[in-house]
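# Descriptive analysis of the structure
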Amino acid sequence: MIKKFFIDVGHGGSTGAYYDNIHEDDLNLGIALQFRRILLEYSDMITNDPNRDYTQFEFVIDRLTDKKMDYMKDRVDFANKYGAEALVSIHANASPSNVNAKGFNIFYFDGSPRSKILAYCLEARLKMSNKVPFMQAVHTDKDTAIGGIGVLRFTKMPAALVEMGFMTNEPDLIKMQDSQFQLDVARAIFYGTTDFLSIK
Ligand SMILES: [Zn+2]
């Protein structure tokens, strides 16, 4: 039985936050492109991990280019039609009023207990890579869900949104452009999601 998951890459087409000549959507795309590395590692995972059958997983990424997307049509509907059993959305945070705010945030919709479990699985893997996240429940109703939060609210499957750092914090902004950091985050998302899908 194939278990599918969906990677939603926040924004696109130079939308989202913008600081220091850097667009948030490009940072998000940087993480998405690292998933290609993970696919190359896939055959090693299959042979080296006797505890898990990685051939049972399949995933799609909703954008691998800098294209503008409609969150309802291109993300929510796409994920629902694909039949994913989990969705992870990738974003970068910004806090212009507090440039000291830094680090990870993981959001999930408060009304979905299984989304909370997915968020915990992601948190555990991000902690393993010493990238300590901070979990937050999102309280929203149908009428107020917009943008990134819409994928938490309107998708049929458990969903979590990872904010990988703050663009308004200089060390975070430098880190988020580093390919090793991006690969670490992509791996944590991959393993955290497959951990979640492996829960009986
Ligand atoms: Zn965003």
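Quick look at the overall build of the protein now. From N to C terminus, the protein includes 6 helices and 8 strands. Taken from the N to the C terminus, the helices and strands of the protein come in the order β-β-β-α-β-α-β-β-α-β-α-β-α-α. Here the C-alpha atoms of the protein give a radius of gyration of 16 Å, agreeing with the 16 Å that 2.2 N^0.38 yields for 200 residues. Referenced to the eigenvectors of the C-alpha coordinate spread, the extents of the protein come out at roughly 45 × 40 × 30 Å. Excluding contacts between residues fewer than 6 apart, the proportion of contacts in the protein whose partners are at least 24 apart in sequence is 78%.

Quick look at the sheet that holds strand E7 (residues 133–138) now. Taken in spatial order, the 6 strands of this open sheet run E4-E1-E5-E8-E6-E7, and their pairing is mixed. Lying at the two open borders of the sheet, with one neighbouring strand each, are strand E4 (57–61) and E7. The average undirected angle you get between the axes of adjacent strands in this sheet is 20°. Where strand E6 (residues 104–109) lies against E7, 6 bridges are found, and the strand directions are parallel. Paired with Ile106 across the strands is Met135, a residue of E7. Of the strands in this sheet, strand E1 (3–9), E4 and strand E5 (86–93) touch helix H2 (residues 71–82), which is tilted by about 170° from E1.

Attention now moves to the environment of Pro133. On the secondary structure map, Pro133 appears in strand E7. Of the residues examined, Pro133 has 20 C-beta atoms within 10 Å and is grouped as buried. Spatially, the C-alpha atom of Pro133 lies 22 Å from that of His11, the residues being 122 residues apart in sequence. What Pro133 contacts, discounting residues up to four positions off in sequence, is Phe104, Asn105, Ile106, Glu123, Leu126 and Lys127.

Turning next to the confidence of the model for the protein. This prediction gives the protein a mean pLDDT of 90; 94% of its residues lie at or above 70. Looking across the protein, the model is least confident in helix H4 (residues 147–153), with a mean pLDDT of 81, and most confident in E1, with 97.

Here we come to H2. Within the span of H2, buried status applies to Tyr71, Arg75, Val76 and Ala79. Looking down the long axis of H2, one finds its buried residues gathered within 80° of arc, a one-sided arrangement. Along H2, exposed side chains directed more than 90 degrees from the buried face belong to Lys73 and Lys81. A positive phi of about 80° marks Gly83, the residue just after H2.

To continue, consider the packing of helix H3 (residues 113–128) against helix H6 (residues 179–198). For any two helices packed against each other, the geometry is given by the interaxial angle and the distance between the axes. Viewed as axis vectors pointing N to C, H3 and H6 meet at an angle of 135°, and their least axial separation amounts to 8 Å. One element, H3, and the other, H6, form an angle in the oblique class. Classified by chirality, the crossing of H6 by H3 is right-handed. Contact residues: Ile117, Leu118, Cys121, Leu122, Ala124, Arg125 and Leu126 in H3; Ala188, Ile189, Tyr191, Gly192, Asp195 and Phe196 in H6. Taken together, the residues of the contact of H3 with H6 sort by class into 10 nonpolar, 1 polar and 2 charged.

Quick look at the pairing of strand E8 (residues 159–166) now. Of all 8 residues in E8, 8 are buried, a share of seventy percent or more. Here E5 runs beside E8; their pairing, made up of 6 bridges, is parallel. In the sheet register, Ile90 faces E8, and the bridge partner there is Val162. The pairing of E6 with E8 spans 4 bridges and is antiparallel.

Reading guide: rules and limits
- Residues numbered from 1 in each chain as written.
- Predicted model: local features only at pLDDT ≥ 70, side-chain atom pairs only at ≥ 80, totals over all residues.
- Helix = DSSP H or I, 4+ residues; strand = E, 2+ residues; numbered from the N terminus.
- Rg over C-alpha atoms; globule rule 2.2 N^0.38 Å.
- Contact = placed C-beta atoms within 7 Å.
- Pairing = 2+ DSSP bridges.
- Axes fitted to C-alpha atoms, helices over the stretch in contact; angles between N-to-C directions.
- Buried ≥ 20, exposed ≤ 12 C-beta atoms within 10 Å, placed from the backbone.
- pLDDT = per-residue confidence, 0-100.
- Arc of directions from axis to C-beta.
- Parallel < 35°, antiparallel > 145°, perpendicular 65-115°, else oblique.
- Left-handed = near helix turned anticlockwise from the far one by under 90°.
- Nonpolar A, V, L, I, M, F, W, Y, C, P; charged D, E, K, R; others polar.

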